[in-house]
Amino acid sequence: MSVPQLDLKAQYQTIKSEIDAAIADVVASQHFILGEKVKNFEREMAEYYQIPQTLGVASGSDALLISLRGIDLQPGDEVITCPLTFIASGSMITLLGAVPVFIDIDPATYTIDVNQIEKRITSRTKAILPIHLYGQPANMTAIMKIAQKHHLFVIEDACQAVGAKHFGRNVGTIGNTGTLSFFPSKNLGGYGDGGMVLINHEADYEKLRKLRTHGGAHKYYNEMLGYNSRLDAIQAAILSVKLKYLDQWNAARRKRAYFYNELFKDVEQIITPVEAKGNECVYHQYTIRVPREKREPLFTHLKDKQIGVQIYFPVPLHLQQCFAYLGYKTGDLPEVEKAVSEIISLPIYPEITDSQQEEVAETIINFLG
Ligand SMILES: *Cc1c(COP(=O)(O)O)cnc(C)c1O
């Protein structure tokens, strides 16, 4: 039996009539850019998150870029962040001429090691950009304490953590802004690219909104340099349908994750995910660790058996070629470097079945011997 890493077709089958009607509605209206569908979805997301405003944008990457422009990030400014993530968490900082300061991970949760943040703060530090990786919230309690003490902004990369909570609070709403991605494979995925800025009380909604449309609130009057980065109406209509199921899907992912934990509980060679105190994780990925020398052969074996697995991410940002100019070298951030040689993300999605999970677990356990 083959088991895909993610089965979006299975999800579509469960909501097909609603989705098809939502798309048809937009096509009939011929209103594709912003408009009612986007406004409705933004309002629904603000209600879901219990925050004043949200802003639909073209991608999660753009949500990060616009958030960083929102705090007026300048060339030479430093942003403290974590290197185990998708490239955009770091590259949006450098695209504005600022400097990402990469801090090692907490090896238990794969999120930023909050104990190392303060010693890396300088007079140029402007913000902290934690990543809630795999659906696990970073330690926002500690991060907010440090940020308040040093007067720093906080931008939460919640692209993998829609609906995750830290001590009952939604991640993405604790810092100044939070970013979401609606890339199709995310827990709340559209049928194309999309993203959102979650806007907390302290953030400047009007400024962020202008940045989305070339820096002006009114067409052809531009107060600042901005972008063309709008969530499109078809995506908003689809996402409004899917939002109704998000909590149910996230709960199913948690249940699925706990079932894997159970299947692997007696296997010494496997380290299963842990949830940090106060965290409600949404398991965008279910990532285990295996002994380093067995990771590559296991990866190949699972691919051969048509079990969908991935390495998120094979190269930490501080060792990416595009950041070579920052001067990091192998050995600088030992925990993340160790992690990337041991991690492997297994199939997980709300519709995966017990027998599929058993097949995945059995194949892994048999291979490890
Ligand atoms: C997906 C993702 C992004 C970027 O989202 P896009 O919509 O693909 O631009 C940023 N950060 C993290 C951690 C992500 O997983």
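Residues numbered from 1 in each chain as written. Predicted model: local features only at pLDDT ≥ 70, side-chain atom pairs only at ≥ 80, totals over all residues. Heavy atoms only, no water.

Draft legend 1. Broad picture of the sheet that holds strand β10 (residues 279-280). Spatially, the three strands line up as an open sheet ordered β7-β6-β10, and their pairing is antiparallel. Lying at the two open borders of the sheet, with one neighbouring strand each, are β7 (169-170) and β10. One ladder, built from two bridges, connects strand β6 (residues 165-166) with β7; its direction is antiparallel. Within β7, the residue paired with His-166 across the bridge is Arg-169. (Pairing = 2+ DSSP bridges. Helix = DSSP H or I, 4+ residues; strand = E, 2+ residues; numbered from the N terminus.)

Draft legend 2. Fine view of the pairing of strand β8 (residues 177-181). Within β8, five of the five residues are buried, leaving the element largely enclosed by the surrounding structure. Of the pairings in the sheet, the one linking strand β5 (residues 153-157) to β8 comprises three bridges and is parallel in character. Paired with Glu-156 across the strands is Gly-178, a residue of β8. Bridge count between β8 and strand β9 (residues 195-199): five bridges; the pairing is antiparallel. Within β9, the residue paired with Ser-181 across the bridge is Gly-195. (Buried < 20%, exposed > 50% of the residue type's maximum accessible area, 1.4 Å probe, protein only.)

Draft legend 3. Structural context of helix α2 (residues 35-49). With 15 residues, α2 extends 21 Å from end C-alpha to end C-alpha; this agrees with the ideal 21 Å at 1.5 Å per step. Taken together, the buried positions of α2 are occupied by Val-38, Phe-41, Glu-42, Met-45, Ala-46, Tyr-48 and Tyr-49. Angularly, the buried residues of α2 cover 160° about the axis, an arc narrow enough to put them on a single face. Opposite its buried face, α2 presents the exposed residues Glu-36, Lys-39 and Glu-47, each directed more than 90 degrees away. Positioned one or two residues after α2, Gln-50 has a phi angle of 55°, which is positive. (Expected span 1.5 Å × (residues − 1). Arc of directions from axis to C-beta.)

Draft legend 4. Fine view of the pattern of salt bridges. Scanning all chains against the criterion turns up 16 salt bridges. Notably, a salt bridge pairs Lys-265 with Glu-262, separated by 3.2 Å at the nearest N-O pair. Owing to a relative accessible area of 54%, Lys-265 belongs among the exposed residues under this scheme. Relative accessible area serves as the criterion here: at 45%, Glu-262 is assigned to the partly exposed category. The shortest N-O distance in the salt bridge between Lys-338 and Glu-342 comes to 3.4 Å. By relative accessible area, Lys-338 is classed as partly exposed at 42%. Using a relative accessible area of 10% as the deciding quantity, one classes Glu-342 as buried. When salt bridges with common partners are traced through the structure, they connect Arg-289, Lys-338 and Glu-342 into a single cluster. (Salt bridge = Lys/Arg side-chain N within 4 Å of Asp/Glu carboxyl O.)

Draft legend 5. Highlighting the site of the ligand. Of all residues adjacent to the ligand, which total 13 residues, the nearest are Gly-60, Ser-61, Asp-157, Ser-181 and Lys-186. Within the backbone of Gly-60, a nitrogen or oxygen atom sits 2.8 Å from an oxygen atom of the ligand. Interatomic distance of 2.9 Å between a side-chain N/O atom of Gln-160 and an oxygen atom of the ligand. Its free accessible area being 380 Å², the ligand has 93% of it covered by the protein chains. Here the shell around the ligand is composed, by residue class, of three nonpolar, eight polar and two charged. (Near = heavy atom within 4 Å. Polar contact = N/O pair within 3.5 Å; in protein donor to acceptor, adjacent residues only side chain to side chain. Areas by Shrake-Rupley, 256 points an atom, 1.4 Å probe, with all protein chains shown as cover. Nonpolar A, V, L, I, M, F, W, Y, C, P; charged D, E, K, R; others polar.)

Draft legend 6. Fine view of the packing of aromatic side chains. Per the counting criterion, the structure on display carries 12 aromatic pairs. The interplanar angle of 65° and the centroid separation of 5.5 Å between the aromatic rings of Phe-41 and Phe-182 together place this pair among those described as edge-to-face. Of this pair, Phe-41 sits in helix α2 while Phe-182 sits in the loop between β8 and β9; the two residues are 141 residues apart in sequence, bridging distant segments of the chain. The exposure class of Phe-41 is buried, given its relative accessible area of 0%. An aromatic cluster of three or more residues is present, and its members are Tyr-258, Tyr-260, Phe-264, Tyr-283 and Tyr-286. (Phe/Tyr/Trp six-rings, centres within 6.5 Å; stacked < 30°, edge-to-face > 60°.)

Draft legend 7. Up close: the environment of Asn-170. You can see Asn-170 is positioned in strand β7. Separated by 98 residues in sequence, Asn-170 and Asp-72 place their C-alpha atoms 25 Å apart. With near-sequence residues (within four places) excluded, Asn-170 lies in contact with Tyr-48, Tyr-49, Gly-163, Ala-164 and Lys-165. (Contact = heavy atoms within 4.5 Å.)

Draft legend 8. Geometry of unusual backbone geometry. The omega torsion across Tyr-312 and Phe-313 is 5°, close enough to zero to call that bond cis. At Tyr-134, a residue that is not glycine, the phi angle is positive and equals roughly 60°. Assignment of secondary structure puts Tyr-134 in the loop between β4 (125-129) and α5 (140-150).

Draft legend 9. Main features of empty space enclosed by the protein. With the rule as written, the count across this model stands at two cavities of 30 Å³ or more. There is about 110 Å³ of room inside the largest cavity. Surrounding the largest cavity, 15 residues form its lining, Tyr-134, Gln-136, Pro-273, Val-274 and Tyr-283 being those nearest its centre. Considering only residue class, the lining of the largest cavity consists of nine nonpolar, five polar and one charged. A volume near 80 Å³ is recorded for the second largest cavity. Lining of the second largest cavity is provided by 15 residues; of these, Leu-6, Leu-8, Gln-11, Lys-186 and Arg-253 occupy positions nearest its centre. Of all the elements in the fold, those that place two or more residues in the lining of the second largest cavity are α1 (8-29) and α8 (246-263). (1 Å grid on protein atoms, 1.4 Å probe; cavity = no way out; pocket = protein on both sides within 12 Å on 5 of 7 lines; lining within 4 Å. Points joined across faces, edges and corners; volume = space filled by probe spheres on them.)

Function cannot be read off these values alone, since they describe shape.
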